[in-house]
Amino acid sequence: MRTPFADADCWIALLSPKDQHHVGATALAAGLGEVSDVTTQMTLTEAFNAVAGSGEGGRQHVAELLKDPDGDPGVEIIPQTDPQFRAAAQRYASR
């Protein structure tokens, strides 16, 4: 089984019908067949913030997803830990 990483752009395109890549992302997701996506809590936070700016419909959709974020067995959500955040901040600063 393939395990693609779903980044924030992927989630934004899938969650926002107004996104320029929504149709393509939806088609791609449907065509992948059986996959187990991997994403992170911080990736979802970024995507949810972007979608929330698209209006009430976007916020409502995200609110539904947040009721049970681990409810989709096809998506593994890696939690954000403090050491990961600090390492990411140091890496960011070094660039």
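Just above sits the structure.
Everything quoted here is computed from the prediction, not taken from an experiment. (Residues numbered from 1 in each chain as written. Predicted model: local features only at pLDDT ≥ 70, side-chain atom pairs only at ≥ 80, totals over all residues. Heavy atoms only, no water.)

Here we take up helix 5 (residues 82-94). Across its 13 residues, helix 5 extends 18 Å between first and last C-alpha, which sits within 8% of the 18 Å expected from 1.5 Å per residue. Burial analysis of helix 5 places just zero of its 13 residues in the buried class, which makes it a mostly uncovered element. (Helix = DSSP H or I, 4+ residues; strand = E, 2+ residues; numbered from the N terminus. Expected span 1.5 Å × (residues − 1). Buried < 20%, exposed > 50% of the residue type's maximum accessible area, 1.4 Å probe, protein only.)

Moving on to the side chain of Asp37. Inspection of the secondary structure puts Asp37 in strand 1 (residues 37-40). By relative accessible area, which is 19% here, Asp37 ends up buried. Those residues within four positions of Asp37 in sequence are excluded, and the remaining contacts are Pro4, Gly74, Val75 and Glu76. (Contact = heavy atoms within 4.5 Å.)

Right, let's get into the pairing of strand 1. Burial along strand 1 is two-sided: Asp37 and Thr39 and Val38 and Thr40, pointing in opposite directions, are all buried. Sheet topology note: the strand 1/strand 2 (residues 75-78) ladder contains four bridges and is parallel. Looking at strand 2, one finds that Val38 is bridged to Glu76. (Pairing = 2+ DSSP bridges.)

Running from amino to carboxyl end, helix 1 (residues 8-15) crosses helix 3 (residues 41-52) at an angle of 40 degrees, the nearest separation of the two axes being 8 Å. The angle between helix 1 and helix 3 places the two elements in the oblique class. You can see that helix 1 and helix 3 cross each other, and the crossing is right-handed. Across from Ala8, Trp11, Ile12 and Leu15 in helix 1, the residues of helix 3 making contact are Thr43, Leu44, Glu46, Ala47, Phe48, Ala50 and Val51. (Axes fitted to C-alpha atoms, helices over the stretch in contact; angles between N-to-C directions. Parallel < 35°, antiparallel > 145°, perpendicular 65-115°, else oblique. Left-handed = near helix turned anticlockwise from the far one by under 90°.)

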